[in-house]
Amino acid sequence: MSIKERLTSLNLIFGEFSFITYPAIIMGFISFSKKQQKLSKIEEEKKTMELKVLKNQLNPHFLFNTLNNLYALTLKKDDKAPEMISKLSEILDFVLYRCNDHFVSIEKEINLLQNYISLEKLRYDENRLEISFLHNVDNTTKITPLILLTLIENAFKHSVVNETKKAQIKINLQNQNNQILFTVENTKPQNELTKPMNSYGIGIKNIRKQLELLYPEKHLLLIEEDEQRFNVKLTLTV
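We now turn to the structure provided with this report. (Residues numbered from 1 in each chain as written. Predicted model: local features only at pLDDT ≥ 70, side-chain atom pairs only at ≥ 80, totals over all residues. Heavy atoms only, no water.)

1. Concerning the overall build of the chain
Of the regular secondary structure elements, the chain holds 6 helices and 7 strands. Ordered by position from the N terminus, the helices and strands of the chain form the series α-α-α-β-α-β-β-α-β-β-α-β-β. A total of 238 residues make up the chain; the buried ones form 36% of that total. The contacts in the chain between residues at least 6 apart in sequence include a share of 73% that link residues at least 24 apart. Accessible area for the chain stands at about 14900 Å²; split by element, carbon and sulfur atoms hold 55% of it. (Helix = DSSP H or I, 4+ residues; strand = E, 2+ residues; numbered from the N terminus. Buried < 20%, exposed > 50% of the residue type's maximum accessible area, 1.4 Å probe, protein only. Contact = heavy atoms within 4.5 Å. Areas by Shrake-Rupley, 256 points an atom, 1.4 Å probe, with all protein chains shown as cover.)

Take a look at the structure:
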């Protein structure tokens, strides 16, 4: 081809333009993809670190309350103390070594809840506490650990501890249609000026934050109260 033909040939111009631009486009896409992967990794590391901080705050909160229970029994030299130590060791094993993952089987979480409830039953006799725990779930379902435990802790803390009469706690856990449904209802002490549930402190705040991180737009936490009762409802889409 002559110089004139080369300068006026659209096919040749397009071919040479493509030869220059296509690699640039590909390299630009690869660079963009790498940047997105790096940002995703940074975000995931940030999320993991934040969850670790939240759990480090939550675990001592739980342990402190449980050790107080054991301390009360040992002061009285109660025969229930050895059984409480056994239950506590199982809980510690789970809290310290078996809940490092973001999610665990719901069966493990149920075992944890049952051990905790057993500890509280050892602390209070039948005249002080009436409690029921009903659960009907698929054991293969996964759930973030300690979320449910904290809600049950609050139910005990704000019902039995300050109640001079008989407190009631009703716990229900089930899953259906890819959802976990959890409710905790407890009576409110009638012998003192009770505070709204929003004042529960670090436990509820941590739960809300963990739900935002692990179940974004897949959770609903409702906390209601009247003159007689507190009622907590948690729905998780899994």
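2. Some words on the pairing of strand β5 (residues 179–187)
Relative to β5, strand β4 (residues 167–176) is paired through 8 bridges, and the arrangement is antiparallel. Looking at β5, one finds that Q174 is bridged to L181. Linkage of β4 to β5, two consecutive antiparallel strands, is achieved through a turn of 2 residues, within which N177 is found at a positive phi near 50°. Of the pairings in the sheet, the one linking β5 to strand β7 (residues 229–237) comprises 9 bridges and is antiparallel in character. Residue pairing in the sheet places I180 in a bridge with L236 of β7. (Pairing = 2+ DSSP bridges.)

3. Re the environment of N100
Here N100 is to be found in the loop between α3 (81–98) and β1 (104–105). The exposure class assigned to N100 is exposed, which follows from its relative accessible area of 57%. Between the C-alpha atoms of N100 and P145, which are 45 residues apart in sequence, the distance is 8.5 Å.

4. Points about the side chain of E109
Mapped onto the secondary structure, E109 falls in helix α4 (residues 106–123). Here E109 falls in the buried class, since its relative accessible area comes to 0%. Discounting chain neighbours no more than four positions away, the residues touching E109 are F94, V104, I143, P145, L146, I147, L148 and L149.

5. With respect to the packing of α4 against helix α5 (residues 147–157)
Closest axis-to-axis distance for the α4/α5 pair is 9 Å, and the angle between their directions is 20°. Here α4 is positioned roughly parallel relative to α5, judged by the angle of their axes. At the point where α4 passes α5, the crossing takes the right-handed sense. Contacts from E109, L112, L113, Y116 and E120 of α4 reach α5 at I147, L148, L149, I152, E153 and F156. (Axes fitted to C-alpha atoms, helices over the stretch in contact; angles between N-to-C directions. Parallel < 35°, antiparallel > 145°, perpendicular 65-115°, else oblique. Left-handed = near helix turned anticlockwise from the far one by under 90°.)

6. Observations concerning the nonpolar core
Formed by 49 residues in total, the largest nonpolar core has its most connected members in I169, I171, L173, F182 and L234. Looking at this core element by element, the count peaks at 8 residues for α4. What L234 contacts, discounting residues up to four positions off in sequence, is I147, L148, L151, I180, L181, F182, L211, L220 and L221. (Core = buried A, V, L, I, M, F, W, Y, C linked by side-chain atoms within 4.5 Å.)

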